[in-house]
Every structure is written in structure tokens, then in C-alpha cells.
Amino acid sequence: MDAILLQLLNGLDKGGAYALIALGLTLVFGTLGVVNFAHGALFMLGAFCAVTLRKLLTLEQVVLDTENLTAWGTPTEIRTPYVEAWFGDFGAVLVNYSVPLAILLAIPVMLAVGVAMERGLIKHFYRRPHAEQILVTFGLAIVLQEIIKHFFGANPIPQPMPENFSGAADIGVMLGMDPNVIVYPWWRLVYFAFSVIVIGAVFAFLQFTTFGMVVRAGMADRETVGLIGIDIDKRFTAMFGLAAVVAGVAGVMYTPLLPPDYHLGMDFLVLTFVVVVVGGMGSLPGAVAAGFLLGILQSFASMTEVKAIIPGIDQIIIYLVAVIILLVRPRGLMGRKGVMES
Amino acid sequence: MTTANENVVLHVADVHKTFGGLHALSDIDLQIEEGKTHAIIGPNGAGKSTLLNVVVGRLAPTRGAVVFDGQVLTGKQPHEINQVGVARVFQTPEIFPELSVLQNVMAPAFAKRDGAFKLNFLSSLADEKQIREEAEHMLEDIGLIHQKDMHAGSLSRGDKRRMELAMCLMQHPKLLLLDEPTAGMSRHDTNTTIELLKKIKERGMTKVIIEHDMHVVFSLADKISVLAGGRIIAEGTPEEVRNNPKVQEAYLGGAH
Amino acid sequence: MNLQGIFSMSRKDLTTLVIFSIVVLALPIWLQPFGAAYPDLMQRFAIFGILAIGFNILFGLTGYLSFGHAAFLGVGSYTAVWTFKLFSMNPIPALFFAVIMSGLFAFIIGFVSLRRSGIYFSILTLAFAQMSYNLAYSVLTPITNGETGLQLESSDPRIIDSMFVGEQAGLPVSNFFGLEMSGIPGFYFCAIFLIIGFFITQRIFASPFGMMLRGIKSNQTRMNYTGFNTRPYTLTAFVISGMYAGLAGGLMAVTDPLAGAERMQWTASGEIVLMTILGGVGTLLGPIVGAWLIKYFENIFSSFNENVLHNLFGFLPDGVESVVVEITSMFVGEGWHLTLGLVFVLVVTFLPGGIMEGYRRITAMFTGGGGDGKKANADDKQTQPAE
């Protein structure tokens, strides 16, 4: 029982990341009808917003202390981040919380990137075949990741989480079990909660605002919405921006769990596409449900007991599920008829 | 239930089709005799296209069966239905826009000769003289021989429809289904098409035509079934149908 | 351009084949002024040419975009290396088994994936390729040797070889009855397969079968209502295409007996797509042109480093020079993929027919053509990829 609970928990953070990326992918697909292979790259860009902010916050001033000499007779260098030099303890707090703070940086940056991408490139592909959309966004993904590689190098850059969250929560105790039965890192809980909040916000936005209503109507029947004289193009541009922001903040918060490198996006993209297909192309609840479902399935598949029965299952479980779903239920768990079937 | 006539080549037996709660077709019983041209007319939404789709296997009937030449078509794949000798012209031309006109007309002949699949990737199209000549004859017949090397996609709409008809004729089908073969055509093109269809009639090919244009229907049909609200409300020779008050009420609106 | 279309192509095909063969066999000569006439690169020209024309049989003719073709490449390589290890260093059995195995793999994956079309097909192939890649790195390590890659060992049995040749010192080299498969002989060995592969592609393009595949790309519904069962056609195209990839993978192992899982990664599949698009989807020569250009510029661009750039721009004033070097350095050396990605985006956006389309537009401009645009020419015709 506790083992199962633990695996369930283990799947939640990864599932949260899948769900967040899949949500944006589905939004873009549902509104713009574009299959965006560069969506993973947006997740990666978000992650590098966190890296950038931390780099900026930890820029150091060097003061030479001529009183204290090192063993080589040179003055000792005292390195302090500028923010600490300027703001004292508050600066230290800033550095400590660099990852969550990076969300504030990521939102405008990702919005700008998303809008630029849509206006600059994607909009020319609305009426072109899906194969060409896949190809051009694939090219774009390569460009984005290579630019990141140029500036940040090829190696993963670990991002520490705020110290208060670095430990693990003894969830077993909270549930009235013995101590140390279910121990779960705080940050993964934070990530799960964060993803639930973001998903809830996106759904609320679509459900309760006029803007969201138009977008939902557009997803259901694009032509009619165009016919009643609503300028959906502008709203769809905004949707693309929103999808980029969601992917971006998902990337920011994921950095303490997985040190980002330039091909992080590609790795997640393939998985997320599978998630979207399993959930049902064009279905937002489907994308979210499938994200968590596959995250949890993956974590169960990595249990030693399971691997002992079917070796290698943890490596392929997600793809295997996708293949089975596509064959027996081609529209996915919650997909609508006729989406991309022509 | 009527006993099957010797000459009946297509029997749509007691077919029902419902979409959700909607009855698109009810109690359809059609017998189409060999060598005859049978027109199905009816107002919009009468279920004409649904009926045709049930015959060619695109839709499965909720109840009933379609029997062609002694074989049950219901449940068969479109390509299997074609292989037993049923060809179809669509309402909006279904052609190969990126292939040349000549290739469009040649392709069906391969399906007729080689069946649904043949792994002939080492033979050359250039060696298929017989099929090519036949296709060129066909294009001469329909007046498209000068366009034979053009992309079919660049033909005019009327030419596309005639080419699609030629594609079907290349297979010498036992039964030809035509879904509004003259829709969107000029008067001149319509007349050319009627002449062409009359010529086929002389060859003894069975045809089912769905048509709006009464001129076409009355110049071609041996027998007419009138469909309204998913039911057959009248059936008979053009004369009988023309004079049927029920039909005039439902469809012709007394305009005649 | 020949208005007779496909029918007088036989002679045209023959001419194309002869010229193509001469161009390929003369690579070591005419590549010299380009500084690319060394065997290793030319082997890659031949091998990636095979890969691209094979991929084109699937994508170019049927419009089915596979994003998992690299899996067959990997299967080909592993099979070839295992054949070396178990039986003989002669490349013929290695290639034979590589083609058979990849064909078998393609049959299984194609059988499942081709039940869907459009983007779903792309994602299914992608999923299969990723599964193969992940498995090659994990549980299949006994077969693939995981991250290290599958290599020859002196302890390999090599049953057939050991019957004829005694113990040798060091690792053996693949050899075609004594002719070592490295350097120039290695290139010519690959080149012959490229020419054979090209010839078969020509035949497919000019065959009724090829016409049916184009029909599937053009209008699958019409194909069905015309009496064709399209699934076996697409499956055959998929298997042939997979076998080409297997052959390419096998040849990689022949010229360098090593097989690693990274050959199966989906970015490798992406590269195959890239080559085909850049050259011209659905054309005979386009994919080869694309493959050669990419491999050539990859070679040039990756060899650039800061020093080379400083020399190159040394004539500029210092301040300007360092800026220019800084910017260009983004696109060369390690940044070669950035250039590739940009070119790819530009090509798909402005010239979806690739280089062959550009070539046709330019010749049409000079011959004052334009009326030609309406003529169907089955060989050079560019059609939009099917969805």
C-alpha cells in the first residue's frame, strides 16, 4: 500500500510537467490548428530564464583584502554577489529564491517569444499542410536550442531550490503511518501544487472570461466564430503567447528537479506529443489527465518489482501506451471526432 | 418482400439508416434492373446521398442489406465493392489532382486488370501500351485528349467531372453510380455529358443517377424513384412519375 | 521539358542513370577543388544518399511523414556488426542480413503505424523509434552494448572466417574478398550500392506501383473507390524505405565496424527528413543533392573555429573584426546545427519544393517558360506533402 502511494506521488511532479506542456500544445493546436514541434523548446527556454536570473543574481563583486594575504602572498579575494552587497540579507533571500523569482522574468520573456514566434513564422503556416507545420517548427526548435547551446554551453546547469524546500516531507507521518515510510522531497510537492494551480488558472481563464469563451468557441468551430465578426486572429496570437508562458513557467520550476541543458525541450517534446495523442488531440482536459496518468504510469513502471517481471518496461511504457491507444481508440481518451484525421 | 427478379443486378433490401435519433433512411427497397438507367430524385435532405453512401460501403446501414450481383455488399470495404464491379462518380470530383490527366484515367484500368494490390514496381508504365491506348481513346471520347499531359488539378470543374466519369468508365463497371453528374456544369457541358451517358447506355451498362436537373433525369432515366424524408414515395417510368400527384406535391411543387 | 510525361522517360531515365553513375564514380575527382575528396566524407555522401532516396520513396511518393526512420538505420548497423562478429568480415552477408532485418522491423512497425495517417502516423513512428532507442540503451544492452556501442572484439567467433583464415593479430577489418573496406575502395563499394539504389528508385518512380503511391498521396479516397487496397501499397513502400535505411546502416558498419544507439535517436530521423526536404521531396535527385549538401557543409562548417575565423576576417579593423568573428562563430563549428536549422526553416517557408524546385523556377525564368508550369511531369513534379 505505502509503496503504491509512494509511486503515485513520484509520478505527480513529472505528470505535472507533462500536463503543463501538453496543455499549451493543445491550446495552440486547438485554436490555431498548428502542430508545434517547437513547443518543447519553449519549456527549455523557460528553464533557461531561471538559469539566467540566477546568473544575474550571483554576479559577484570582488574586493581585495590586502590585510589578509593568501599562502602565495597575494591579497585574499572576497567575493560577494552584488545583490547581497547592495541589499544585505534581503539580497541573500533573493539569491536563495532565484528559481521561483524567475517566474517573474519568464512571464514577460516567454510572452514576447511566443508572440514573436506566432507573428513572425507560425501565422504563415495556418493554411499549409500539417506536414509542413511539423517541419518548420522542428527547424525552429533546432534553432532555439542551438542558440541556447551557444550562450550556455552543452552541459546541464544545476539550479538549487530554495533552502527551505530542499528537504523531504515525511508524508507517511502526516497520514498516520510510521515515520520514514513515505518520504517525499518538498520541491516535488511544490511542483505538483504549482502545476495544479497553473492548470486551474488556465481553465478558469478559459471558462470565466469573455476572451476565454471566444477562444473555446473558436476551438469548437473556428469558421463560425470568424463569421460572426470576431477578430479571432488577435486572440489566437494571445493564446500562443499564453501557451508559451505556461510552458515557460513549467520549465522554470522544473529546474531544481532536472538540471536543464539545451536539448531538454526535445526530450520533453516527444513525450508530450505522446501525452497529447493519448489524451486526445484538441482536448484540454484530455491533455491534463493524460499528463498525470502517464507520469504516474511511468513511475510505477520504474518499480523494481515491475521491472523484474518486464525488463525495460520503464523505458518504453509511455510509448507503448500511446501505440495501444492510437490503435484501439484513435481519438485518444477524450478526443473529438475528425481532428487531424484527413 | 418481392421475389428477386432475374434481371435485378442491385437490390437494396429493406435498408434503414439512423443517425442518433434521426431517421435518414427508412424501409428503402430498391431493385435496379440490368442495363437500365435508374434515377433517384428528391428534394434536398431526402437521403439521396446517404443511400448512395450505403451502397458503396462508406456508411453501414442500421438495418437491411445491399445485394449486388448475388453478393452482399454490406460490410465490405470501398475497394472490395469496386472490385466486384461498382464504380462511383462523386458530387464534388474525387480525382488525383497532382497526376496528369492521362494517369488519372489509366490508374483505374490497373485496378481492374491487376486487382486491389499488385507489387509491380519493377515493370514500367511505358510498357503498358494497351492501357495507355485505351485511356487515350477514352480521353478522345470525352474531348480531353489535348489536356492529357496537364495536371488534373488544373482542369476546369466541368472537365474534372467528365474526367472522373472517364475514370469510372475505364473499368467497364457492371454498375455505375453517379452523384449529380452535371451539377455545376454549363448548359453546353451538361448536354455533352448527357450525350456521353446515352452512349454508355447503348453499351448496356447499369446506372444509378442521383440528380437535381430534371432535364437530365427525363432525358436519361428508364425508371425513377422519388425519395422524400428518407422514404421512397413513388417509383415508375418518367411518364408515371411526372404524372404522379404525390410527387408533384412533394417535389416538383406543381411547377411542371 | 518533356511534354510526353512519363512515357518517353525510359530513354531519359537511362541518360539520367548514366550521368548519375559517372558523377558518383567521379566524386574523388571533381570534389578535389572543393577540398572534399577524402574517402571518409565521400563514403558519407554515398551512405546518406542511399538513406535519403529510400526515405523519399515513402515520404515523397506516399506523403507519409515518418519521424522514426533512424531506427532502421540503427537496426541495419547492429545487424551488420553482429554478422561481422559471428560469421565473417565479408561485407556481403553483413549487408544482406542488415537489409533483411531492417525490412522485418519496418514490416512490424509499418503494419501497426500505417493503420493511421497524417500526424498520427508521424507520432506512431516517432514513438516506435524512441522505444527502440531507449531499449537499445537499457535492457537490450547484451545485444547493443549500451552506451559504449557494439564493437568488434578479437574474441569474436567469426565462424566462417576462422575456417579459411588463421588467427590474426589485432582486430580484423571488413574486407571484400581481401579488399579492405576503408578509404577509396570503401567509398567505391558504397557508391555501387548508391547507384543500384538509385536505379531501383528510378524503376519504382516509373512503374505502375509508383503511380499508385502518388495516387495515395494525391487522393486516398479516390484510390479506395477505384478498387485499390491502399494499405499493402503503403506498407510495401514503408518496408522498401526501411530496407534502404538498413542498407545505409549496414554500410556505415562496413566502413567503420561500430554501432551505437545514438544512430537511432529521433534527431537522427529529423536529419533524414531535413536532407530530403532541402533537396526536394518527391523528386529523384533532390534527396541526394540534399544529403550531399548537408554532409558537405557540415564538414566545412564544423571544421571552422575561432582561429580560422580570425584569419578569415583578419583584413577588417580590430573592433569590427571581433564583432564579426563573434557573430559568425555562432553559425560555424559547434554552431553548425544552428545554420542547418535556419536554412531548414527558410527552405520550408519559402521553397517547400527544395532545391529542385528552385532550380526549376530558375530554368523556367531563363527559358521564358511558365507555360510549363501546367504540364504534369511525373518525374520532376513537386506536390505538397499529404497531411
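Rules behind the numbers
Residues numbered from 1 in each chain as written. Chains lettered and ligands numbered in written order. Predicted model: local features only at pLDDT ≥ 70, side-chain atom pairs only at ≥ 80, totals over all residues. Helix = DSSP H or I, 4+ residues; strand = E, 2+ residues; numbered from the N terminus. Rg over C-alpha atoms; globule rule 2.2 N^0.38 Å. Buried ≥ 20, exposed ≤ 12 C-beta atoms within 10 Å, placed from the backbone. Contact = placed C-beta atoms within 7 Å. Expected span 1.5 Å × (residues − 1). Pairing = 2+ DSSP bridges. Axes fitted to C-alpha atoms, helices over the stretch in contact; angles between N-to-C directions. Core = buried A, V, L, I, M, F, W, Y, C linked by C-beta atoms within 7 Å. UniProt positions renumbered as here; feature names shortened; annotations may be inferred. Parallel < 35°, antiparallel > 145°, perpendicular 65-115°, else oblique. Nonpolar A, V, L, I, M, F, W, Y, C, P; charged D, E, K, R; others polar. pLDDT = per-residue confidence, 0-100. Left-handed = near helix turned anticlockwise from the far one by under 90°.

1. Examining the overall build of chain A
And step 1. In terms of helices and strands, chain A carries 15 helices and four strands.
And step 2. Whereas a compact globule of 342 residues would reach a radius of gyration of roughly 20 Å, chain A reaches 22 Å, a difference of no more than 12%.
And step 3. With the principal axes as the frame, chain A shows a C-alpha extent of 75 × 50 × 35 Å.
And step 4. Residues classed as buried in chain A amount to 48% of the 342 residues present.
And step 5. Considering only residue pairs separated by 6 or more positions, chain A has 75% of its internal contacts joining residues 24 or more positions apart.

2. A closer look at the overall build of chain B
And step 1. The secondary structure content of chain B amounts to nine helices and ten strands.
And step 2. Its C-alpha atoms give chain B a radius of gyration of 19 Å, near enough to 18 Å, the size a compact globule of 256 residues would have.
And step 3. Principal axes of the C-alpha set define a box for chain B whose edges measure 55 × 40 × 35 Å.
And step 4. Within chain B, buried positions represent 46% of all 256 residues.
And step 5. Taking as baseline every contact in chain B between residues at least 6 positions apart, the subset at least 24 positions apart corresponds to 67%.

3. Structural notes on helix α16 (residues 318-329) of chain C
And step 1. Taking 1.5 Å of rise per residue, twelve residues should cover 16 Å, and α16(C) covers 16 Å from first to last C-alpha, within 8% of that figure.
And step 2. With zero of twelve residues buried, α16(C) lies mostly on the surface of the structure.

4. Side note on the interface of chain C and chain B
And step 1. Chain C puts 35 residues into the contact, and the matching count from chain B is 36 residues.
And step 2. Within the residue set of the side of chain C that touches chain B, elements represented by two or more residues are α1 (9-25), α9 (183-205), α10 (208-218), α11 (220-225) and α12 (230-255) of chain C.
And step 3. Element by element, the count of residues in the side of chain C that touches chain B is highest for α10(C), at seven residues.

5. Quick notes on the sheet that holds strand β5 (residues 71-72) of chain B
And step 1. The antiparallel open sheet is built from four strands, whose spatial order is β2-β1-β4-β5 (chain B). A strand with exactly one partner marks an edge of an open sheet, and here the two such strands are β2 (22-33) and β5 of chain B.

6. Observations regarding the interface of chain A and chain C
And step 1. Each side of the interface is counted separately: chain A has 36 residues, and chain C has 39 residues.
And step 2. Those elements that place two or more of their residues in the side of chain A that touches chain C are α6 (130-152), α12 (264-279) and α15 (313-328) of chain A.
And step 3. For the side of chain A that touches chain C, the element with the most residues is α6(A), which contributes 14 residues.

7. Quick notes on the sheet that holds strand β3 (residues 37-41) of chain B
All names here are of chain B.
And step 1. Spatial ordering of the open sheet is given by β6-β7-β8-β3-β9-β10, a layout of six strands whose pairing is mixed. Every interior strand has two partners, whereas the edge strands, β6 (86-89) and β10 (231-236), have only one. Each adjacent strand pair in this sheet contributes to an overall mean axis angle of 15 degrees, direction not counted.
And step 2. Bridge count between β3 and strand β8 (residues 206-210): four bridges; the pairing is parallel. In the strand pairing of β8, His-38 is matched with Val-208.

8. Examining the nonpolar core
And step 1. In this structure, Leu23(A), Val246(A), Val274(A), Ala322(A), Val105(B) and Leu51(C) are the most contacted members of the largest nonpolar core, which totals 300 residues.
And step 2. In this structure, Val274(A) is in contact with Ile318(A), Tyr319(A), Ala322(A), Ile123(C) and Ala127(C), ignoring residues within four places of it in sequence.

9. Observations regarding the UniProt feature "transmembrane region" (unreviewed entry) in chain A
Residue and element names in this part refer to chain A.
And step 1. The UniProt record annotates "transmembrane region" (unreviewed entry) at residues 15-35, 42-59, 90-113, 134-152, 189-215, 236-256, 268-296 and 308-328.
And step 2. Annotated as 100% helix and 0% strand, the span residues 134-152 places its first and last C-alpha atoms 27 Å apart.
And step 3. When the span residues 268-296 is considered, its composition is 86% helix and 0% strand, and the gap between its end C-alpha atoms is 16 Å.

10. So, the packing of α9(C) against α12(C)
All names here are of chain C.
And step 1. At a minimum axis distance of 10 Å, the contact between α9 and α12 shows a crossing angle of 170 degrees. Between α9 and α12, the angle is such that the two are roughly antiparallel. Packed against α9, whose contacting residues are Gly-186, Cys-190, Phe-193 and Gly-197, the element α12 presents Tyr-244, Leu-247, Leu-251 and Thr-255 at the interface.
And step 2. Each residue belonging to the contact of α9 with α12 can be placed in one class, and the counts come to five nonpolar, three polar and no charged.

11. Some details on the confidence of the model for chain B
And step 1. The predicted model of chain B averages 86 in pLDDT, with 95% of residues at 70 or higher.
And step 2. Interface confidence for the predicted complex, given as ipTM, is 0.88, next to a pTM of 0.87.

12. Focus: α12(C)
And step 1. Between the first and last C-alpha of α12(C) there are 38 Å, a value that for 26 residues agrees with the 38 Å anticipated at 1.5 Å per step.
And step 2. Burial of α12(C) is extensive: 23 of the 26 residues sit out of reach of the surface.

13. Some thoughts on the pairing of β2(B)
Residue and element names in this part refer to chain B.
And step 1. Both strand β1 (residues 8-19) and β2 contribute to a ladder of eight bridges, which runs antiparallel. Each bridged residue has a counterpart across the sheet, and for Leu-10 the counterpart in β2 is Ile-32.
And step 2. Counted along the chain from β1 to the antiparallel partner β2, the turn is two residues long, and its residue Gly-20 has a positive phi close to 60 degrees.

14. A closer look at unusual backbone geometry
And step 1. Look at Asp14(B): it is not a glycine, yet its phi comes out positive at around 55 degrees.
And step 2. With a phi angle near 40 degrees, His172(B) is a residue other than glycine that sits in the positive phi range.

15. Looking at the pairing of β10(B)
All names here are of chain B.
And step 1. Relative to β10, strand β9 (residues 223-228) runs antiparallel, the two being bridged by five bridges. Following the sheet pairing, Leu-227 is matched in β10 by Ile-232.
And step 2. As consecutive antiparallel partners, β9 and β10 are separated by two residues, and within that stretch Gly-229 has a phi angle of approximately 55 degrees, a positive value.

16. Some remarks on the packing of helix α4 (residues 129-142) of chain B against helix α5 (residues 157-169) of chain B
Residue and element names in this part refer to chain B.
And step 1. Closest axis-to-axis distance for the α4/α5 pair is 10 Å, and the angle between their directions is 140 degrees. Classed by the angle they form, the pair α4 and α5 counts as oblique. With respect to the hand of their crossing, α4 and α5 are arranged in right-handed fashion. Here α4 contributes Met-138, Leu-139 and Ile-142 to the contact with α5, which in turn contributes Arg-162, Ala-166 and Leu-169.
And step 2. Looking at the contact of α4 with α5 residue by residue, the classes come out as five nonpolar, no polar and one charged.

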